Amino acid sequence: MIYHFGLTGFPLVYSLSPTIHQAAFKSTGLAGDYKLFPLNSGSSFERLLLLLRQGDLHGLNVTIPHKQAVCQYVDQLSPTAHMSGAVNTIFMRGDQMIGENTDVVGFLTDLHDKIGSSIENRNALVLGAGGAARAVVVGLLSVGWKVCITARNEEQAQSLLTDLSPWSREGYLSSVEYQAERITDEIVNFGLLVNASSGGMYPKVFEDPLPPTVPIPEGLVFYDLVYNPIATVLMQRFRRAGNAAHNGVGMLIEQGARSFELWTGVNVNRQAIWDAVEKQ
């Protein structure tokens, strides 16, 4: 069988996903390709998903800005996708189109690889409230973290709080206004800061998602979902302060490998993918 997979979102010119999946094909001995389908609006989803229903595509990844919008087009959401309200992987099971979110397990796996249990303060501040942020928040909550979100888009932030209201009521999920003064007052309470926004991502490489007047507390660990550039301006800011800072390459590799395994049923050699990405 020759597999046909793809990625939709916008922009896609920076994507490492083709490299990841080509390495997965090579390491598993399976035949197939991975194409990019740049879509700037959700209006063309139905035509793209028809390819999946017809069997012309065997799996589809979804990235910014469509991870939430695509939920309405699938027949069924996995528990993880339903909980996060976002989808990054679509596949067929019989005549049912399933939306999954491998970002959640991808983030948690890489976070554990990077920091293990080294952070005693399990309070996290998450920058952003879109589809990627939802995966991060759900992942952290599911393993016992307390999470506070802050986002430029207040409507998105409120929507996330509403959708995850059981955690809000229990005191595990809260928010803080995206204002330098408010963030400065709160940032000392956290052990982990996660950038789940597009701030600093190519081509806006000089954009800092954390207001520049906010100080970096000693010991605060930073994880940036952005992987292009490999070291964002905020990562560099943390490292200059002497703090640990990690990018999202590991999460990208893990979520991609999980997608490939869902589509094919074949386990993927992560090291083979790491080698391909590092060469790229």
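Since the model is a prediction, treat every value here as computed from it, not as a measurement.

Participant: Describe the nonpolar core, with residues and values.
Facilitator: By size, the foremost hydrophobic cluster in this structure holds 30 residues, and its most contacted members are Val126, Leu140 and Leu192. At the level of secondary structure, the elements contributing two or more residues to this core comprise α4 (102-115), β7 (123-127), α5 (131-142), β8 (146-150), α6 (154-163), β10 (192-195) and β11 (221-224). Examining the composition of this core, we find that seven residues originate from one element, α5, more than from any other. In contact with Leu140, not counting residues within four places along its chain, are Phe107, Leu108, Leu111, Ala124, Val126, Trp145, Val147 and Leu192. Judged by nonpolar contacts, the second largest core, of 25 residues, contains Ile20, Ile98, Leu252 and Val277.

Participant: Can you break down the pattern of salt bridges residue by residue, with the values?
Facilitator: Enumeration over the complete set of coordinates arrives at 11 salt bridges. Note that Glu261 is salt-bridged to Arg270, the shortest N-O span being 2.5 Å. The exposure class of Arg270 is partly exposed, given its relative accessible area of 22%. Several salt bridges share partner residues, and in doing so they unite Glu254, Arg258, Glu261 and Arg270 into one network.

Participant: How would you summarise the layout of surface pockets if you had to cite specific residues and measurements?
Facilitator: Taken as a whole, the largest pocket encloses approximately 600 Å³ of empty space. Every residue lining the largest pocket is counted, 29 residues in all, and those nearest its centre are Ile64, Gln156, Ala196, Ser197 and Ser198. For the lining of the largest pocket, the residue count by class is 14 nonpolar, 11 polar and four charged.

The rules behind each value
- Residues numbered from 1 in each chain as written.
- Predicted model: local features only at pLDDT ≥ 70, side-chain atom pairs only at ≥ 80, totals over all residues.
- Heavy atoms only, no water.
- Core = buried A, V, L, I, M, F, W, Y, C linked by side-chain atoms within 4.5 Å.
- Buried < 20%, exposed > 50% of the residue type's maximum accessible area, 1.4 Å probe, protein only.
- Helix = DSSP H or I, 4+ residues; strand = E, 2+ residues; numbered from the N terminus.
- Contact = heavy atoms within 4.5 Å.
- Salt bridge = Lys/Arg side-chain N within 4 Å of Asp/Glu carboxyl O.
- 1 Å grid on protein atoms, 1.4 Å probe; cavity = no way out; pocket = protein on both sides within 12 Å on 5 of 7 lines; lining within 4 Å.
- Points joined across faces, edges and corners; volume = space filled by probe spheres on them.
- Nonpolar A, V, L, I, M, F, W, Y, C, P; charged D, E, K, R; others polar.

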